[in-house]
Every structure is written in C-alpha cells, then in structure tokens.
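Take a look at the letters that make up each chain.
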Amino acid sequence: MAAARRARAGDPRAGFRQPAAELGPAVPQGLIRAARKSGQLNLAGRNLTEVPQHVWRINVDTPEEAQQNLSFGAAERWWEQTDLTKLILASNKLQSLSEDLKLLPALTVLDVHDNQLRSLPSALGLLENLQKLDLSHNKLESIPEELLQLSHLKSLLLQHNELSCLPDGFGQLVTLEELDLSNNHLTDIPRSFALLINLVRLNLASNQLKSLPAEISAMRSLRQLDCTKNYLETVPSKLAAMASLEQLYLRRNKLQALPEFPSCKLLKELHAGENQIEVLNSESLKQLHSLSVLELRDNKIKSIPEEITLLQKLERLDLANNDISRLPYTLGNLPQLKFLALEGNPLRAIRRDLLQKGTQELLKYLRSKIQDDVPSQGEEPAVTAMTLPSQSRINMHAITTLKLLDYRIVELKDSLCDVNLGFNRLSSVCLELCVLHKLTHLDLRNNSLTSLPEEMAALSRLQVINLAFNRLKAFPSVLYHILALETILLSNNQVGSIDPLQLKKMDNLGTLDLQNNDLLQVPPELGNCENLRTLLLEGNPFRTPRAAILSKGTAAVLEYLRSRIPA
C-alpha cells in the first residue's frame, strides 16, 4: 500500500528508479522478498565488503518478479510492499556506507556494528525516522555534523570506535534515551550534554576523561552513568543533584575520596572499586537510603565508619583488597545484606576460617560481638585474612583463539563460573572450556562460530549461553543435552530449524531468542514447551505465525502453535 500511495502522490524517489538488477549471491532473493513484506532485512555475518545496490533501492525498484509478469497471490502483491524500517548489516567487512542510504527514509533501526567503518555518509542525517543507530565496534574517528539532525533518535551506540572528540552541538540530539560512548579515546565531554534531558543511560567507560563537566547534572532523567576506567580524580559536586540517578559506575579511576550524594535519594548501586580512596567519609553514606550495592574493592580504605549501618537496604558490600584491620560489629545488623567480600584485608579480629564460612556466618559472628568488644584473655592470636581474591570470572576480548587461555582455564576449573569471550574472532570453541564443570554463564556472542563441540555436554551447570551474532546455520545439538539451561540467546545467526521434541525435555528453559535467523517454518509442537516464558521469533522468513500473533507475546504464540498441531 505504501508503494501505491507513493504512485498516487508522486514519489520524490521516482527519479531514482531503474530496472532491478540481478540479485547477487550474497543476498538471497527470498530475503529480499520477505523484507518487502515485513519491512525488515537482516544481512548480518555475510562477509559483505559493500552493500549491494539493490538493497539500498529495495523501496524504489519494481520487484523482478513483477517485471516478469508472474502471478501473485493476495498476500504477495508487490505494490503493497512495506517500506524498509529495520536494516541489520552487523558483523560484515564494510568500510563505508553509500550516500544511497537516503533512499531508505523510513528506517527506524539501522545496525552496522562490528564492521570496519572509518566514516559515515552525510546522507545519514536524512533518515528522519531513525530511532536506533548501532555503530559500535567499528573504526570511526569522528561523527559527522549531519548525524545531529536525527530528531527522533532514541538509542545511539558508538562504543569500541576510535573517537577522540565529539561535535560541540551533540546536545541537539534531545530525544536520546541511551548513549554508549565507551571504549573510545575521548578526553572531554561537550557542555551541550546538558541539553540531553531525556537521556536515561550514559556509558563513558574506557575513555581518557580527566574530568566531567558540571553541566552533566542537568540531565534530569539520567538513571545510569558509567565512567569506569578513565582518569577521573574528582567528580563534580553538582553530580549530587541528579535526583533520578540509580546506578553510578566510577571503577578504575584515580579518585581519592568518595563523592557525597545528598540529593541522590534513588541511588541503588555505587561502584567505586580500583581507585585510590583512603577514607570512607560518613557524610558520603548518610543520604544513600536506597543503596543496595556498594562496591569499594581494591582501594586503600583503612576503616569503615559506624554510619554504614544507615544503609538499611544494602544487599552487597564489596570491601576486598583494602587496608581494613577492623570492622564495626554493628555491620552485622544490616537486615538485607546477602554478600560481604572482605578477602585481602589485614583483619586482626576475624579468623580466616570464619571468613570462609560465608556472609551469613560472618554477620552472625559480628552480631554476637556487639556487646562484647574486648576479646577474652587467653584467646589465641587471630590468623590474618590476607587471601588472594577469588578468580570467578574471565572476560577477554580481541583474541582469535582460546589456546592462550588454555592453561588459565584449566587452572580455574574448580572455581570459574562466568566466562565472557564475546566480540572476538573465534571460529571454534576449544575443548579445555568443557572442563569448567562449575560454569553457569557463557558469553560467546559476536564471533565467527559455525558449530559447538559435543564435549560441551559436560557443562552440566550451565544456565545461560549467549551465541548471538555468530554464523550458526543449525541449532547446536549439544545444547539439547544441557538440561540446566535457562536462557539460550541465538539471535542474528542463520539457524534454519529447531527440534521441538528435544526442547520439550529442557524443563528449565525459560528464554529462547531466535530472532533474525533463517527459520522458514515454526514447528507447531514448539507450543508444547510450556515452560518458555520468553520466546522471540521476529525477523525470520516464516509466514506463520504472522506478526500480529507474535506481537501478542509468548503465551499467545505458544497457544497458537498448539492449535495447529495435527489431531
């Protein structure tokens, strides 16, 4: 219908029309046909060095089928095609984008992350309907002024580029709600950020910032601010006026004191580990009545003030690797505290074996000592708790093989529970990974995996696996045998089929994400997997269930599938 309306009204793009070119092997004709109906085209992970011309012209050219006078059913009338609203070009080898991008003015989502882009076309500014733009994991050194014309943009992802500065007028993007600038080379932030009053999440981690502009406090909607791994020595006092702030990450900077937050009544998480903080000021704690996570590990803190007991909602307190020799016994009275990390401190009054018994036993001990501050005579000298921090997580990027990690993985096989190997160039999973029998979370997204080894069945405790943006053409059969799995994320691959009978046996599976794959059909028996709470199927070329059913949510989709099981 969109095409018919343009024909009546006089389409401004009509002058661009040309006979449809023969579809190249990189973009199957079936995908183009499906995109004309759904308005969505996923070309992720296809080794594209440039975008074929007929992709830019998908809204403009008459379909090849129509030129050949083929018969169309009611559901296939080309003149009722939908303008492209979502284009995914992620994980290719693109070095540039054509100015013909302007031929896709209806785009609301453009995803070109994980390419080799060094610049952006000025035509980008003409995509007036664009709401989400993912440019992360490229080689961009600057942002064109035209990008600031995107008046409806809500999400802008620029992490992992080579940006050293931002346009002064960046604040023109007043509709932004999410902005990720992490892992660049930024040395300062434009004062115009004060105009981003709708921004909810701002990530500035892993840059070269030595200070933050005081104007940042004007971002009244900001709930999450991440400044991890910069060179901050202080934080603007006005930051304390950000009344909506809920999560603040200041890890791995050069802070010598914890800021005061008199107005941050909603602050739930404060992460300030790996700084140079020596004194924990009681004034910094008094107003944080909503705080549930306080992370101060790897600083130089010598003592904990009694005022920490004012944090009645505190659930996690990480004080590992400081210079703390004594704890206030009233710490034991914090009613919600579930996790307390103290390893790597020269504690004199708490025995090592007590620390090893866990948080609840430690809190019980502290409560028992509240009215007995003085150790009884004859008590044995306490063993200090100078223990190395436990290595329970591995997070590695920019590697092509796991062999360099083999020795480390085997060494940690009895403790490692979380491994992140996303955003690398892995083409296979090494067998050493399969010995991590305590592994619960495995992140392998954005690699070049085409299969998983059957030996992974040994990961019997694995609960979450993220395989998004790989090159898997089939659902990895080994996953059917890991019955502890609760979440499988397989979006943006090339999976063509699934086995519903095997999935039915996975009683713990609650989330299955198969968005943007090559599923030509959804087996009705999948409806019997009633444990699924989240089933995501959008962006596949199947005809049923239709988008109207998918939009109703998982329960409706499962019910629809069950209704189609042959009697």
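No experiment lies behind these values; they were computed from the predicted model shown.

A. The overall build of the chain, seen in detail. From N to C terminus, the chain includes 10 helices and 20 strands. Looking at the chain as a whole, 50% of its 567 residues qualify as buried. Looking at the chain alone, contacts between residues at least 24 apart form 38% of all its contacts between residues at least 6 apart. Of the accessible surface of the chain, which amounts to about 26,600 Å², a share of 48% is contributed by carbon and sulfur atoms.

B. View of the side chain of N516. Within the fold, N516 resides in the loop between β19 (511–513) and β20 (534–536). Residue N516 is classed as buried on the basis of its relative accessible area, which comes to 6%.

C. Geometry of the side chain of Q494. Mapped onto the secondary structure, Q494 falls in the loop between β18 (487–489) and α8 (500–504). On the accessibility criterion, Q494 (14% relative accessible area) is buried. Setting aside residues up to four positions removed in sequence, Q494 forms contacts with G45, L472, K473, N517 and D518.

D. Representation of empty space enclosed by the protein in the model. Counted according to the given criterion, the structure contains 2 cavities of 30 Å³ or more. Reported here for the second largest cavity is a volume of approximately 40 Å³. Taken together, S325, R326, L327, Y329, L347, A349 and I350 make up the lining of the second largest cavity. Broken down by class, the residue content of the lining of the second largest cavity amounts to 5 nonpolar, 1 polar and 1 charged.

E. Summary view of the confidence of the model for the chain. Here the chain averages 85 in pLDDT, and 85% of its residues register 70 or above. Note that pLDDT drops below 50 for residues 373–393; the model gives that stretch 39 contacts with residues more than four away or on any other chain.

F. Structural view of helix α2 (residues 29–38). Those residues of α2 not exposed but buried are L31, I32, A35 and R36. Down the axis of α2, the buried set is contained in an arc of 140°. They therefore lie on one face. Once α2 finishes, G39 follows within two positions and takes phi at roughly 80°, a positive value.

G. Inspection of the pattern of salt bridges at higher detail. With the rule as written, the count across this model stands at 11 salt bridges. As a salt-bridge pair, R46 and D518 come within 4.0 Å of each other at their nearest N and O atoms. Residue R46 is found in the loop between β1 (40–42) and α3 (53–56), and its partner D518 is found in the loop between β19 and β20; the two are separated by 472 residues along the sequence. Residues R297 and D318 are paired through a salt bridge, measuring 3.0 Å at the closest nitrogen-oxygen approach. In this pair, R297 is assigned in the loop between β11 (293–295) and β12 (316–318) and D318 in strand β12, connecting sequence segments 21 residues apart. With relative accessibility at 16%, the residue R297 sits in the buried group. Residues joined in a network through salt bridges with shared partners are R251, R252, E274 and E295.

H. Representation of the environment of A218 in the model. Tracing the sequence through the fold places A218 in the loop between β7 (201–203) and β8 (224–226). Along the sequence, A218 and A241 sit 23 residues apart, while their C-alpha atoms lie 8.6 Å from each other. Setting aside its immediate chain neighbours within four residues, A218 contacts A194 and I197.

I. Inspection of the packing of aromatic side chains at higher detail. In the structure shown here, the tally under the stated rule is 2 aromatic pairs. Above the plane of the ring of F339 lies R316, whose end atom (NZ or CZ) is 4.1 Å from the centre. Between R326 and the ring centre of Y329, over which it is positioned, the NZ or CZ distance is 5.2 Å.

J. Spotlight on the environment of R118. Topologically, R118 is positioned in the loop between β3 (109–111) and β4 (132–134). Given a relative accessible area of 48%, R118 falls into the partly exposed group. Along the primary structure R118 and E162 are separated by 44 residues, whereas in three dimensions their C-alpha atoms are 8.9 Å apart. Each residue touching R118, except ones within four places of it in the same chain, is listed here: Q95, K139, L140 and E141.

K. How the structure looks around helix α6 (residues 359–368). Taken residue by residue, α6 has T359, L362, L363 and L366 as its buried positions. Down the axis of α6, the sector holding all buried residues measures 100°, keeping them to one side. On its buried side, α6 packs onto β13 (339–341) and α5 (352–355).

L. View of unusual backbone geometry. Following T544, the chain continues to P545 via a peptide bond in cis, the omega torsion being 0°. Phi is positive for R252, close to 55°, though the residue is something other than glycine. Despite not being glycine, D298 has its phi angle at roughly 60°, a positive value. Turning to its location among the elements, D298 is positioned in the loop between β11 and β12.

M. Local environment of the state of the cysteines. Across all of its chains, the model carries 0 disulfides by this definition. With no disulfide partner, C434 has as its closest neighbouring cysteine sulfur the one in C430, 7.4 Å distant.

N. Quick peek at the environment of L331. Looking at where L331 falls in the secondary structure, it is placed in the loop between β12 and β13. Remark: the alpha-carbon pair of L331 and L363, spanning 32 residues in sequence, is separated by 7.2 Å. The contact partners of L331, leaving out residues within four places of it in the chain, are I308, T309, L317, L340, L363 and L366.

Each value, and the rule that gives it
- Residues numbered from 1 in each chain as written.
- Predicted model: local features only at pLDDT ≥ 70, side-chain atom pairs only at ≥ 80, totals over all residues.
- Heavy atoms only, no water.
- Helix = DSSP H or I, 4+ residues; strand = E, 2+ residues; numbered from the N terminus.
- Buried < 20%, exposed > 50% of the residue type's maximum accessible area, 1.4 Å probe, protein only.
- Contact = heavy atoms within 4.5 Å.
- Areas by Shrake-Rupley, 256 points an atom, 1.4 Å probe, with all protein chains shown as cover.
- 1 Å grid on protein atoms, 1.4 Å probe; cavity = no way out; pocket = protein on both sides within 12 Å on 5 of 7 lines; lining within 4 Å.
- Points joined across faces, edges and corners; volume = space filled by probe spheres on them.
- Nonpolar A, V, L, I, M, F, W, Y, C, P; charged D, E, K, R; others polar.
- pLDDT = per-residue confidence, 0-100.
- Arc of directions from axis to C-beta.
- Salt bridge = Lys/Arg side-chain N within 4 Å of Asp/Glu carboxyl O.
- Phe/Tyr/Trp six-rings, centres within 6.5 Å; stacked < 30°, edge-to-face > 60°.
- Lys NZ or Arg CZ within 6 Å of the ring centre and 35° of its normal.
- Disulfide = S-S within 2.5 Å.

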